[in-house]
Amino acid sequence: MARANATAAPHALARAQMKKQGQQPDQNDAMLDVMADSQTVDIVPLIPALIPGGFISVTLYVDDKGNAKELPLNSRATALVSACGANPTDVLGDAFVARAYDNEAEDMKRLDFSLRDMEPSAKWFREAFRLKAVLVLTREGTPQDEAANKVPRTAHVPSSAHLLCQRA
Amino acid sequence: MLSQYDDSDGLPFVPPFDPPMPPQERVAAAESIRARGNALFKEGKTEGGLVAYEKALRYLDQHPASGAPPALTCRVAALSNAAMCRLKLDDPRRAIELCDRVLKIEGHGKNAKALFRKGCAHRALGDYEKAVEALEEARVAAPHDAGVKAELLRAEKDLKKFRFGW
């Protein structure tokens, strides 16, 4: 999913990181090699798949070892995550954004995420904030359907698109 | 539709991120959005005002947020005005959250307006002890404010009635 853009060997970087943290990398070389070779991504839900949102999610995928690999700050993706109302987070390295339909009962369907969705006036940003408001009401004890009605729906979720958001 | 207020200032719903808007420009944009909120509120459009204040906060909150004095002043004003709108729109819980954010920035007991609005919100929720507590702090911060005194008297009366039934 995410393309790793490390400029140095991840093993060496991971060892350097462990030393910085006062750990002894030599004792766990084999484990460290396995860790560095593994390709995993951090999944950042920008919109989680929820009933009031019609089970449509928007997710950002990013290399979960960006810190150890000392990947550069992706200022565009960092600002994108922040624009969805998430807690302040630095996104390092390349990032991908994808939209999907997933009701957890059937197969997940990938949906398009177009260039137009990357504009700051795109409707799905409103949807992200609407769902946040619905979740707050639900946590406070308002039934989910009632909470969804209390927060006006201003968003329309397009059915077309694909991915995007490479390092700026 | 609430979105009509969002778009009325010509700025997008969230700050531009491609490339990201520099913090100084975001603060300037937030200031103009907040001013638009004030105008809407004065026209009696409380919902429109709230939409604008929340939008101003989105511009200020974008990471990395500016901690410069103009950003803090704008943030405190937007939070405080949004709290007033929430109160008027009968949403005291959100009003308390917003007031607490103001007090966290300004220091507890230092912003009479936020304490006053927090007291009003607690009173609206029937939480009279907390209302009296916040309003007493507001009276210390603004000893000559007639509105604070009057609201404190009302809250004390409510508390008495709640405790003793008269």
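The model shown is predicted, which means the values in this text are computed figures rather than measured ones.

> Would you mind going over the overall build of chain B in detail, with residue names and values included?
Helix and strand content of chain B: eight helices and zero strands. Put simply, chain B runs from its N terminus to its C terminus through helices and strands in the order α-α-α-α-α-α-α-α. Projected onto its principal axes, the C-alpha positions of chain B cover 60 × 35 × 25 Å. Split into buried and exposed, the 166 residues of chain B put 48% on the buried side. Looking at chain B alone, contacts between residues at least 24 apart form 56% of all its contacts between residues at least 6 apart.

> Tell me what's going on with the packing of helix H2 (residues 23-42) of chain B against helix H3 (residues 46-61) of chain B, and back it up with residues and numbers.
All names here are of chain B. At a minimum axis separation of 8 Å, H2 and H3 run at an interaxial angle of 170°. By the angle between their axes, H2 is roughly antiparallel relative to H3. Of the residues in H3, those touching H2 at Arg 26, Val 27, Ala 29, Ala 30, Ile 33, Arg 34, Arg 36, Gly 37, Leu 40 and Phe 41 are Thr 46, Gly 48, Gly 49, Ala 52, Tyr 53, Lys 55, Ala 56, Tyr 59 and Leu 60. Of the residues contributing to the contact of H2 with H3, the split by class is 11 nonpolar, four polar and four charged.

> Hey, could you go over the interface of chain B and chain A for me, with residue numbers and the actual values?
Taken together, the 14 residues of chain B in the interface contact 17 residues of chain A. Looking at the side of chain B that touches chain A, its residues break down into 10 nonpolar, three polar and one charged.

> Which residues make up H2 of chain B, and what values go with them?
Residues and elements named next belong to chain B. The first and last C-alpha atoms of H2 sit 28 Å apart over 20 residues, in line with the 28 Å expected at 1.5 Å per residue. Of the residues making up H2, those classed as buried are Arg 26, Val 27, Ala 29, Ala 30, Ile 33, Arg 34, Arg 36, Gly 37, Leu 40 and Phe 41. Gly 44 sits one or two residues past H2 and shows a positive phi near 90°.

> So, unusual backbone geometry: which residues are in play, and what are the values?
In this chain, Asp 18 of chain B is followed by Pro 19 of chain B through a cis amide linkage whose omega measures 5°. Following His 63 of chain B, the chain continues to Pro 64 of chain B via a peptide bond in cis, the omega torsion being 0°. Considering the arrangement of structural elements, one finds Pro 64 of chain B in the loop between H3 and helix H4 (69-88). For Phe 55 of chain A, which is not glycine, the phi dihedral falls at a positive 60°. When you line up the elements, Phe 55 of chain A lands in the loop between strand E1 (41-47) and strand E2 (56-63). Classification of Phe 55 of chain A by C-beta neighbours within 10 Å gives partly exposed; the count is 18.

> Requested: an account of the packing of helix H6 (residues 112-124) of chain B against helix H7 (residues 128-141) of chain B, with residues and values cited.
All names here are of chain B. H7 packs onto H6 with a crossing angle of 160° between their chain directions and a minimal axis gap of 8 Å. Taken together, the axis directions place H6 and H7 in an arrangement best described as roughly antiparallel. The two elements H6 and H7 meet at a crossing, and its hand is left-handed. Within the contact between the two elements, H6 uses Ala 112, Leu 115, Phe 116, Lys 118, Gly 119, His 122 and Arg 123 and H7 uses Tyr 128, Lys 130, Ala 131, Ala 134, Leu 135, Glu 137, Ala 138 and Ala 141.

> Now, about the nonpolar core: what can you tell me, with residues and values included?
Counting 45 residues, the largest nonpolar core has Ala 56, Ala 83, Cys 99 and Leu 135 of chain B as the members making the most contacts within it. In terms of residue count, the dominant contributor to this core is H4 of chain B (10 residues). Both domains that furnish three or more residues to this core are identified here as domain 1 (1-89) and domain 2 (98-166) of chain B. Setting aside residues up to four positions removed in sequence, Ala 83 of chain B forms contacts with Ala 95, Leu 98, Cys 99, Ala 114 and Arg 117 of chain B. Of all hydrophobic cores here, the second largest spans 29 residues; its members include Leu 80, Phe 129, Leu 131 and Ala 148 of chain A.

> Pulling in residues and values, what's your account of the sheet that holds strand E4 (residues 109-111) of chain A?
All names here are of chain A. Read from one edge to the other, the open sheet built from four strands follows the order E1-E2-E3-E4, with strand pairing classed as antiparallel. Looking along the sheet, the strands with just one partner apiece sit at the ends: E1 and E4. Between one strand axis and the next, the sheet turns through 40° on average, direction left out of account. Where strand E3 (residues 95-101) meets E4, three bridges bridge the pair, whose relative direction is antiparallel. Residue pairing for E4: Arg 99 is matched across the bridge by Leu 111. Contacting E1 and E2, helix H4 (residues 123-139) runs over the sheet at an angle of about 85° to E1.

> Got a sec to walk through the confidence of the model for chain B? Specific residues and values, please.
Confidence in the prediction for chain B averages 92 pLDDT; 96% of positions are at 70 or higher. Across the predicted assembly, pTM comes out at 0.80 and ipTM at 0.81.

> Give me the lowdown on the confidence of the model for chain A, citing residues and values where you can.
Should pLDDT be low for a region, the predicted coordinates there are not to be read in detail. Residue and element names in this part refer to chain A. For chain A, the average pLDDT comes to 77, and 69% of its residues sit at 70 or higher. Confidence scores differ between elements of chain A, with helix H1 (residues 10-20) showing the lowest mean pLDDT of 64 and E3 the highest of 95. Ignoring residues within four places in sequence, the model shows residues 1-8, a span with pLDDT below 50, making 21 contacts including any to other chains. Across residues 154-168 the pLDDT falls below 50, and counting only partners more than four positions away or on other chains, this stretch makes 53 contacts in the model.

Calculation rules
Residues numbered from 1 in each chain as written. Chains lettered and ligands numbered in written order. Predicted model: local features only at pLDDT ≥ 70, side-chain atom pairs only at ≥ 80, totals over all residues. Helix = DSSP H or I, 4+ residues; strand = E, 2+ residues; numbered from the N terminus. Buried ≥ 20, exposed ≤ 12 C-beta atoms within 10 Å, placed from the backbone. Contact = placed C-beta atoms within 7 Å. Axes fitted to C-alpha atoms, helices over the stretch in contact; angles between N-to-C directions. Parallel < 35°, antiparallel > 145°, perpendicular 65-115°, else oblique. Nonpolar A, V, L, I, M, F, W, Y, C, P; charged D, E, K, R; others polar. Expected span 1.5 Å × (residues − 1). Left-handed = near helix turned anticlockwise from the far one by under 90°. Core = buried A, V, L, I, M, F, W, Y, C linked by C-beta atoms within 7 Å. Domains from an automatic or database assignment. Pairing = 2+ DSSP bridges. pLDDT = per-residue confidence, 0-100.

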